[in-house]
Every structure is written in structure tokens, then in C-alpha cells.
Amino acid sequence: NHYLKIIHEKNPSLNAFLEVYDEEAKAQAKLVDEKIQNGTAGKLAGMIVGLKDVLCHTDHRLGAASKMLEGFESQFDGTAVERLLKEDAIVIGRQNCDEFAMGSSNENSAFGAVKNEIGTNRVPGGSSGGSAVAVQAGMCMVSLGSDTGGSVRQPAAFCGVVGLKPTYSRISRYGLIAFASSFDSIGIFAKNASDVAITLEVIAGKDDNDSTVSQREVPSYSELVNKKSDKKPKIAYIKETLHTEGLSEEIKAATVSKIEKLKSEGYEVEEVEFSLLKYALPTYYILITAEASTNLSRYDGVRYGFRSPNVTDLESMYKRTRTEGFGKEVKRRIMLGTFVLSASYYDAYFTKAQKVRRKIQEAMKELFTKYDFIISPTTPTTAFEIGKYEGETVELYLADLFTVPASVVGIPAISIPNGTDKEGLPIGLQIMGDYFSEDKLLAFADELM
Ligand code: GLN
């Protein structure tokens, strides 16, 4: 009741939830309460969770914030959702996001922009903007989002909450609407590292429904998050990140002062060079558009949701449905992806980007033989004004400059709050760790908060 009250108070101005499951959540709460009384409650009993509109939840609307999925309902639970429910979490609603998770400001939703609670003229970041704001504004305790190139970490930074993108393949993607399959990860928002840890512990791990998911055992993240390592971790920061054009002076200063603080507390923090860093963003945008154009070919007016009424034959049904159903940014990505995959450009773009991806992965792996963590700002700026990048697509793509490398490499990364700028807008600190080091990453994040 507490959370429903806050949602009904705040959602009309913030637009974080597309749908709220009032009666269902109350009924579930009652059930969980009974289980608590008789000692059979699961690990997440009482945890109020919101789901980004890209996660399958049986008999619930699912829309990727797109007109394309108008009226579509999921017939099954995605693995993450199923595991949450099994441990007695209470799903309170479905959260707004950028259409098909494409964007960095949550202005690309077919259901209107989400507003940052800090100032409703400010974007919350994207694409999981609704999920970030829901936690920021106290509308739920935990949100599940998706992070393909920063969509959990970047809005977490803009909203002053914690956001984790785990190692690629740590969490099953079964029941997550596909954007770029070799990058997509389900991510977790909360106000602290402990809530992220227990949620991760529940939803991570092997799954017969996703052949790419890791078979590794899932450690007890919720216990390990409180465990201080015997040996102080060794930390690096990448020289190039702090010399990035467009990096706000205040964010730079906040990052440098964090580095100084760590040093004064006895951590070894070293500057390293990473000359391939500048290739991460172009590599990302070539590969994800290619994968997206392939994944989104399934929305043809036959199988899911929307079908244009203005059709004369099969061909026109495909064309009109896709023309009317997809928004501008999604169409841009499909066209870019189709271009980089076309016979005459395939080698020049797609194959080349795959090779560069491998190079970046190898260089990053090398860094993790010497360091436990790499820290950087999460974003080059704080939350900008709604409409600021209207028509300036490439400028907006730069918002992902610092988050994209971990996605290209597939390593885990977390954004934690690191103070505010003069206007009171939250600043994020990103910590990247080696593959499957979520236990250490969460413990370190907890220590720093
Ligand atoms: N903002 C990035 C993009 O538009 C990241 C999206 C995401 O992580 N889903 O591609």
C-alpha cells in the first residue's frame, strides 16, 4: 500500500510506470504475508519490484514502449521474472523505457518521456529511465532493466541510484525482448549494493531456455557483499577517460577526488593507457545496429501486436505495419544495421567491427591481469534537459561513451552515486570488474557508498 500510494502520487508527473498492478500486487502481498507467518516465505519476500517493459510476464501486457506491440500480452514468464516470483517478490508494475531499449534519455518511448525526479525538465537517462526513476522516487525497491550499452548504468547515474550490468551470460536472456543479442544483459537497480546482490543471486545462473547463459555456479552474492577482502583491491583508471572532450569539469573533479580519497585510504590506484578506447563506441554502434536489424525483422504484422489497417496485399502489410509501428530511432537503427550487413559493406563494417571488438576484449583482459577494478565516471554529463539533443543523434550517442566499453567486452560494471554537481544533479561513478567478478564488484561498491 505504501508503494502504491507513492506511485499514484508521483507517476502522473514522472511517467515511470506504464501500468500498475494494484489489485494483483495487494493480493500477492497478502499471500506472501501468510507465507511469512508460517515460515515458508522465499528469499525476496516483501521485495517490491518493477519490470522494464521488455521483460516477459505471463498474461501481462508487454510492449517495449512501442506501438509495434500494441495489445500484445506475454504467454510466459522470462527466467528472471519467474525466479523473482518464485522467491516471493511482489511485482508492482511495468515500467516505461525507450522504444525497444534504444536511447539514452527515455525520450524515445511511444508513451511519452519519463521525467527525472530531481527536476522534471531533466531526462532520467535511458533506455531504462522508468526503472531508474521508480527506484529514485521510492515507487519500488528494486527494478529490473536491460543494459545493452549502458541502459542501466547511465540512468542510474542520472538518477542517483545504484545500477548493475552483470557479466554477459550471467543472467538468462530468456523472456527478454531482444535488441542486440551478443550485448543484451538484464540489469538491476536499487538504492544500495545489498539489494542488488540478493536480486542477482536469485535471478542469475544456468537455464535450459538460453543456450548462451553461463553454467557457472551462482555465489551467495548477498553474503559476499558484506565481506571485506583481506587484501585491498588494486584499481586502475584509464587516462583517456579523464581527458575526454565533453566531460563535464564537475564530473571530472568528482572522479579525481574519489581517486584521491581511495589513495589516502591506502588503495593502490594507478593511471593506465587504453588507446583502443576511442573505438569502443563506433564498434558498438555498428554491431548493435546489425544485430537489432536482424532481431527486429520478426515484427512483421503477422506474429505480434500491431498490424496496419491500411493494407492492400501481403507486401504492403509488412511495409505499412513497420512504417507505422516503429518510431524514428528504431527505424534509424534498422536502416544502419541493414546497411552495415549489406553484401558490399559487410566486410568493411561488420567484419571489421567484430575484429575490433576482439582486440578491445583482449586489451581489457590484459588490464585485469594487473588490476581488480577500473573506475571512471559513468557519464560525461549529468542529466540534461528534455529536448536538448533533439535532432542531434550522434551527440546523444556520446552519452554512452563510458558505459559502452564494458558492453563491448562483456564484463560486469556498476554505477554508484558519487555526489552531485552545483545544480544538485547526481554524478555517477562506474566500476568495471573482470568477467564473473560480481561478488567482488558488489562488495567494493558497498564499501565505497
Ligand atoms: N543508449 C544506448 C543505445 O541507445 C544503450 C541502450 C541500451 O543499453 N539498451 O544503444
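Everything discussed here concerns the structure shown above.
All residue numbers refer to position in the chain's written sequence, counted from 1. Only residues with pLDDT of 70 or above have their local features reported here, since the model is predicted, and side-chain atom pairs are shown and tallied only from 80 upward, although totals for entire chains, interfaces and linings are computed over all residues.

A. Seen up close, the nonpolar core. Nonpolar core, as used here: buried Ala, Val, Leu, Ile, Met, Phe, Trp, Tyr and Cys residues forming one set through C-beta atoms within 7 Å. To sort residues by exposure, count the other C-beta atoms lying within 10 Å of each residue's C-beta; 20 or more gives buried, 12 or fewer gives exposed, and values between give partly exposed, all with C-beta atoms placed from the backbone. Counting 128 residues, the largest nonpolar core has Val-49, Cys-140, Val-162, Phe-189 and Ile-431 as the members making the most contacts within it. We count a stretch as a helix when DSSP gives it H or I for four or more residues in a row; a strand needs E for two or more, and each element gets its number in order from the N terminus. When residues in this core are grouped by element, the largest group, 9 residues, is from helix H10 (residues 280-295). Apart from residues no more than four positions distant in its own chain, Phe-189 is found in contact with Ser-131, Ala-132, Val-135, Val-142, Ser-143, Gly-145, Val-152, Ala-156, Val-161, Val-162 and Gly-163. Placing a C-beta atom from the backbone of each residue, one calls two residues in contact when those atoms lie within 7 Å.

B. Structural view of the site of the ligand. Nearness here is judged by the C-beta atom: place it from the backbone, and if it falls within 6 Å of a molecule or strand, the residue counts as near that partner. Taken together, the neighbourhood of the ligand is formed by 14 residues, with Ala-101, Ser-104, Thr-148, Gly-149 and Ser-151 sitting nearest. Tallied by class, residues from the shell around the ligand come to 4 nonpolar, 8 polar and 2 charged. Gly counts as polar in this scheme, as do all residues outside two lists: the nonpolar Ala, Val, Leu, Ile, Met, Phe, Trp, Tyr, Cys and Pro, and the charged Asp, Glu, Lys and Arg.

C. Here's a closer look at the sheet that holds strand S4 (residues 142-147). Only strands joined by at least two bridges in the DSSP assignment are considered to pair. The 11 strands are arranged S1-S3-S2-S4-S6-S5-S10-S11-S9-S7-S8 in an open sheet whose pairing can be described as mixed. Bordering the open sheet on either side are strand S1 (17-20) and strand S8 (268-272), each of which pairs with just one other strand. Geometrically, the sheet is characterised by an average inter-axis angle of 30° between neighbouring strands, direction not taken into account. Both strand S5 (residues 162-165) and strand S10 (residues 413-420) contribute to a ladder of 3 bridges, which runs antiparallel. From the neighbouring strand, Lys-165 faces S10, where its bridge partner is Ala-413. Lines fitted to the C-alpha atoms define the axes, with helices restricted to the stretch that makes contact. Angles between their N-to-C directions range from 0 to 180 degrees.

D. Region of the structure containing helix H3 (residues 79-86). For H3, every residue scored as buried is listed here: Thr-79, Ala-80, Val-81, Arg-83 and Leu-84. Buried residues along H3 sit in contact with strand S2 (48-52), S4, strand S6 (185-190) and helix H6 (193-203).

E. Structural view of unusual backbone geometry. In this chain, Gly-126 is followed by Ser-127 through a cis amide linkage whose omega measures 5°. In this fold, Ser-127 is placed in the loop between strand S3 (90-95) and helix H4 (129-136).

F. How the structure looks around helix H13 (residues 346-370). How far a helix is expected to stretch is found by multiplying one less than its residue total by 1.5 Å. The first and last C-alpha atoms of H13 sit 36 Å apart over 25 residues, in line with the 36 Å expected at 1.5 Å per residue. A residue's bend is the angle separating two fitted axes: one through the seven residues that end there, the other through the seven that start there. Of all the bends in H13, the greatest, near 25°, is centred on Lys-352. Among all positions in H13, only Tyr-349, Phe-350, Ala-353, Arg-357, Ile-360 and Met-364 are buried. Packing partners of the buried residues in H13 comprise H10, helix H12 (328-340) and helix H15 (404-409).

G. Expanded view of the environment of Lys-165. Note on placement: Lys-165 falls in strand S5. Of the residues examined, Lys-165 has 34 C-beta atoms within 10 Å and is grouped as buried. Placed 38 residues apart in sequence, Lys-165 and Ile-203 show a C-alpha to C-alpha distance of 13 Å. Excluding residues within four positions of it along the chain, Lys-165 makes contact with Asp-147, Val-152, Arg-153, Ser-185, Gly-187, Ala-406, Pro-412 and Ala-413.

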